[in-house]
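# Topology and contacts: notes
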Amino acid sequence: MLIKTRDNCDIPSSEITDEETFYNRRLILKSIGLGMAAASTRVGASQRQLYQTKDSITGPDWLEKKLTGLRSGPYSTNEKATPYEFVAGYNNFYEFGTDKSDPAENAGGFITDPWAIEIKGEAEVTGKFQLEDILKPHDLEERVYRLRCVEAWSMVVPWVGFPLKDLLARFKPTSDAKYVRFETLYDPEQMPEQRSRFASIDYPYVEGLRIDEAMNELAFMVVGVYGKTLPNQNGAPIRLIVPWKYGFKSIKSIVGIEFTKRRPGTTWQKTNPREYGFYANVNPNVDHPRWSQARERRLPSSLFSAKKTETLMFNGYAPQVAHLYRGMNLKKNY
Ligand SMILES: Nc1nc2c(c(=O)[nH]1)N[C@H]1C(S)=C(S)[C@@H](COP(=O)(O)O)O[C@H]1N2
Ligand SMILES: [Mo]
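Calculation rules
Residues numbered from 1 in each chain as written. Chains lettered and ligands numbered in written order. Predicted model: local features only at pLDDT ≥ 70, side-chain atom pairs only at ≥ 80, totals over all residues. Heavy atoms only, no water. Helix = DSSP H or I, 4+ residues; strand = E, 2+ residues; numbered from the N terminus. Buried < 20%, exposed > 50% of the residue type's maximum accessible area, 1.4 Å probe, protein only. Polar contact = N/O pair within 3.5 Å; in protein donor to acceptor, adjacent residues only side chain to side chain. Contact = heavy atoms within 4.5 Å. Salt bridge = Lys/Arg side-chain N within 4 Å of Asp/Glu carboxyl O. Near = heavy atom within 4 Å. Areas by Shrake-Rupley, 256 points an atom, 1.4 Å probe, with all protein chains shown as cover. Nonpolar A, V, L, I, M, F, W, Y, C, P; charged D, E, K, R; others polar. Pairing = 2+ DSSP bridges. Phe/Tyr/Trp six-rings, centres within 6.5 Å; stacked < 30°, edge-to-face > 60°. Lys NZ or Arg CZ within 6 Å of the ring centre and 35° of its normal.

What follows concerns the side chain of threonine 229. With respect to the helices, strands and loops of the structure, threonine 229 is situated in strand S11 (residues 228–229). Exposure remark for threonine 229: the relative accessible area of 9% places this residue in the buried category. Here glycine 59 takes part through its backbone nitrogen, which lies 3.1 Å from a polar atom of the side chain of threonine 229. Separated by 2.8 Å, the side chains of threonine 229 and glutamate 64 make a polar contact. Leaving out residues up to four positions away in the same chain, threonine 229 has contacts with Ile57, Thr58, Gly59, Leu63, Glu64, Leu67, Val223 and Gly224.

Another point: unusual backbone geometry. Peptide bonds are trans in most cases, and residues, glycine excluded, mostly fall at negative phi. Note the cis peptide between tyrosine 203 and proline 204, where omega equals 0 degrees. Checked against the element boundaries, proline 204 lands in the loop between strand S8 (179–184) and strand S9 (206–210). Note that the residue after leucine 299, namely proline 300, is joined by a cis bond; omega there is 0 degrees. With respect to the secondary-structure elements, proline 300 resides in the loop between strand S14 (295–298) and strand S15 (308–310). Its identity as a non-glycine residue notwithstanding, lysine 172 has a phi of 50 degrees, on the positive side. Note that lysine 172 resides in the loop between helix H6 (164–169) and S8. Accessibility expressed as a relative area gives 46% for lysine 172, which makes it partly exposed.

Turning next to the pattern of salt bridges. A side chain with one charge can pair with a side chain of the opposite charge if their charged atoms come near. On inspection of all chains with the given rule, the structure shows 15 salt bridges. Lysine 100 is the salt-bridge partner of glutamate 151, the closest N and O atoms lying 3.1 Å from each other. Of this pair, glutamate 151 sits in the loop between strand S6 (141–148) and strand S7 (153–163) while lysine 100 sits in the loop between helix H3 (84–87) and helix H4 (102–106); the two residues are 51 residues apart in sequence, bridging distant segments of the chain. Accessibility classification places glutamate 151 together with lysine 100 in one group, the buried group. In this structure, aspartate 212 and arginine 210 form a salt bridge, with 2.8 Å as the shortest nitrogen-oxygen distance. Given a relative accessible area of 33%, aspartate 212 falls into the partly exposed group. The exposure class assigned to arginine 210 is buried, which follows from its relative accessible area of 13%. Linked by salt bridges that have partners in common, Glu79, Arg146, Arg148, Glu296 and Arg298 make up one network.

Another point: the site of ligand 1. Not every one of the 18 residues close to ligand 1 is listed here, only the nearest: Asn91, Tyr94, Glu95, Asn234 and Lys252. Here lysine 252 contributes a side-chain N or O atom positioned 2.7 Å from an oxygen atom of ligand 1. In isolation ligand 1 has 530 Å² of accessible area, and contact with the protein removes 99% of it. The residue inventory of the shell around ligand 1, partitioned by class, reads 9 nonpolar, 6 polar and 3 charged.

Looking down a regular strand, the side chains alternate between one sheet face and the other. When you tally the buried positions in strand S13 (residues 254–260), you get 5 out of 7 residues, the bulk of the element. Both strand S4 (residues 116–121) and S13 contribute to a ladder of 4 bridges, which runs parallel. Bridge assignment links isoleucine 119 to a residue of S13, and that residue is isoleucine 257. Judged from the 6 bridges that link them, S8 and S13 form a sheet pairing that is antiparallel. Looking at S13, one finds that valine 180 is bridged to phenylalanine 259.

Turning our eyes to something else, we now look at the packing of aromatic side chains. Counted by the stated rule, this structure contains 15 aromatic pairs. Ring centres 6.0 Å apart and planes at 80 degrees place the aromatic pair tyrosine 179 and phenylalanine 278 in the edge-to-face group. Residue tyrosine 179 is located in strand S8, and its partner phenylalanine 278 is located in the loop between helix H8 (267–271) and S14; the two are separated by 99 residues in the primary sequence. According to the relative accessible area criterion, tyrosine 179 is buried, its value standing at 16%. Note on phenylalanine 278: relative accessible area 2%, which makes it buried. Directly above the aromatic system of tyrosine 317 lies the positively charged group of arginine 146, at a separation of 4.5 Å from the ring centroid. Here the guanidinium or amino end of lysine 249 rests over the ring plane of phenylalanine 278, the centre of that ring lying 4.2 Å away.

Rendered as structure tokens:
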């Protein structure tokens with residue numbers, strides 16, 4: 001994406017290098033008999049939890065209860081899911097660092113319980129609600145969605161959650177609610193990048209959707225992955241997933257939801273409006289100014305077999321969402 005260096009100048013996306021570094025490190029560690037859990041050579045890594053493993057991760061009791069007997073939801077792809085180690089080990093969560101391995105290394109101690117979400121704006125029901133109460137009426141389901149990052153890599157992820165529209169409906173948005181704005185936690189004590197003088201984006205991270213996008217059946221509130229509680233690096237305890245848009249719309253660790261009359265400013269659009277738009281629909285026909293969006297690298301891929309696949313319009317979800325953009329110029333509204 002866009003990284004400001006110490007001289008405060010923008011350097012081109014280094015995502016390919018990032019991925020190579022990541023895989024090199026994995027390969028080297030594998031070849032000397034170490035697994036991912038030892039994949040950090042950084043000072044202080046021994047005190048850190050690199051990432052919560054699939055078998056060790058647990059959430060609060062009330063969430064663990066909801067995670068039993070999961071049903072499979074609609075719209076799941078049959079494509080092979082990306083292994084847990086990549087889903088939980090190769091992340092963008094700038095609050096915890098800008099390298100793909102940083103979030104897994106730095107978010108281990110992130111406190112996600114208790115957690116509350118404040119509902120504000122153009123709705124009949126507003127106020128601060130505990131996560132348990134937010135989730136209470138919703139049955140959790142699994143949806144295997146494609147995730148396409150604007151950096152041209154992609155994964156297939158078995159998310160666990162519930163439809164965003166069912167959550168929003170409970171607050172009875174008024175006819176003035178034209179957009180929904182989401183906000184990530186701002187807590188510089190827990191989120192090291194928020195303390196950095198050289199931070200590449202402004203915090204808190206904010207995202208937004210038009211109300212009809214938010215009410216689309218695909219928009220999903222996620223509290224788990226692979227049948228387990230969501231790892232911190234993936235946006236615990238609750239995050240959004242909008243599978244037809246570039247990954248940066250899928251905001252993590254949400255503490256605020258606001259119904260607004262006007263289109264909200266959003267983090268990457270504000271950071272670099274020429275490169276990142278409000279809509280950010282996955283679109284193979286509209287290139288990023290610095291790279292093509294026609295194809296993507298499906299993870300896991302190695303240095304030796306970069307699995308390139310064609311990027312699909314709306315990330316393959318056109319049947320569900322194309323009608324939302326009828327008559328819109330998607331080159332202008334990128
Ligand atoms: N708060 C917050 N949310 C965020 C980000 C971030 O840096 N901060 N990164 C986004 C980007 S660019 C992507 S691709 C996805 C990655 O989600 P994952 O790490 O669970 O795969 O999260 C999105 N949500
Ligand atoms: Mo992304």
